[in-house]
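Coordinate inspection notes
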Amino acid sequence: MRSPAIGLLTAACWVAAPPIASAGVLFEDTFESGGVEAWAQTSQTLGEVSVSRLTARSGTYSLLSAVESASGYTTRRAYVLQAYSTTSDAPARVFLKLHFRIPAGFTHGRPNETAVFAALARTAVGGLCNLGLSSSGGQLYLSSSRGGRGATVLSRETWHGVELDYDADTGNTTVYLDGQPEIAATGATLQAANEARIGWDTNTPNVSGPLFIDDVTVSTELIPFRAAEVYLRHASFFGHIGL
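The shown structure was predicted, so the numbers you read here are calculated from the model rather than taken from an experiment.

Focus on the overall build of the protein chain
In terms of helices and strands, the protein chain carries zero helices and 16 strands. The buried share of the protein chain, reckoned over its 243 residues, is 52%. For the protein chain, contacts bridging at least 24 residues in sequence account for 72% of all contacts bridging at least 6. A total accessible area of about 10100 Å² is found for the protein chain, and carbon and sulfur atoms account for 50% of it.

Structure, rendered in structure tokens:
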């Protein structure tokens, strides 16, 4: 699985409304650099993570995560990782926001099991709250390791917005899909998260293929999803921590 060659990015500019930096941003990447340099680490096992210009929610590029199929419970990984704080100063409440697109070539043949594609994690501990795709009745649904499967059928070849509200103080988590509450859990004992992991990280059998992800933000304030939201972008201005 190799991504198409990626050419040089020409600077592009869209109107921002409002600027994303106003919402307590800890880390963001829109992949408009044409690479994954903003991320501290990539993990690839029977999979590949790269930046693609095949499709993008906005701008020119998006992250492409793709894994091979396996008939048994075999770990496949194709994700990028960034620590947006240390464990000692990790904020209790954070919001992970991203957009994803499920292509026609993605296969999920394991009903009622989840393939993880994003997570808030803690260094040396691992995933604290995972987001993934679950299959039921031939349809795909958003799923969370805290709260279970959502009720909305996901469309392929469409950009969906997802935002995870993770609060270690209250033990509550809420997942928003396209701006609407989709999955919620309350009263858990949670540790503060300090890492974001984006891309496939699964051992679910009979799951394979690509997933596109774009416009990733970790913040200390909710950034409501708006279907027409756009960002101010320049080729060399992405992947900043602590804006």
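Brief notes about the packing of aromatic side chains
Per the stated rule, a full pass over the model turns up five aromatic pairs. Ring centres of Phe31 and Trp39 lie 6.3 Å apart, and the angle between their planes is 5°; this geometry places the pair in the stacked category. Among the residues examined, Phe31 registers a relative accessible area of 0% and is labelled buried. Owing to a relative accessible area of 6%, Trp39 belongs among the buried residues under this scheme. Relative to Trp200, the ring of Phe106 lies with its centre 5.1 Å away and its plane at 10°, an arrangement referred to as stacked. A residue pair is termed long-range when its members are at least 10 positions apart, and Phe106 in the loop between strand S6 (93-101) and strand S7 (107-108) and Trp200 in strand S15 (residues 195-202) qualify at 94 residues. For Phe106, a relative accessible area of 2% translates into the label buried. A relative accessible area of 0% means that Trp200 is categorised as buried. What links up through ring pairs into an aromatic cluster is the set Phe100, Phe106, Phe117 and Trp200. Here Arg149 stacks its cationic end above the ring of Tyr141, 5.0 Å away from the centre of that ring.

Calculation notes
Residues numbered from 1 in each chain as written. Predicted model: local features only at pLDDT ≥ 70, side-chain atom pairs only at ≥ 80, totals over all residues. Heavy atoms only, no water. Helix = DSSP H or I, 4+ residues; strand = E, 2+ residues; numbered from the N terminus. Buried < 20%, exposed > 50% of the residue type's maximum accessible area, 1.4 Å probe, protein only. Contact = heavy atoms within 4.5 Å. Areas by Shrake-Rupley, 256 points an atom, 1.4 Å probe, with all protein chains shown as cover. Phe/Tyr/Trp six-rings, centres within 6.5 Å; stacked < 30°, edge-to-face > 60°. Lys NZ or Arg CZ within 6 Å of the ring centre and 35° of its normal.

Honestly, that's just the spatial picture; any functional story needs more than this.
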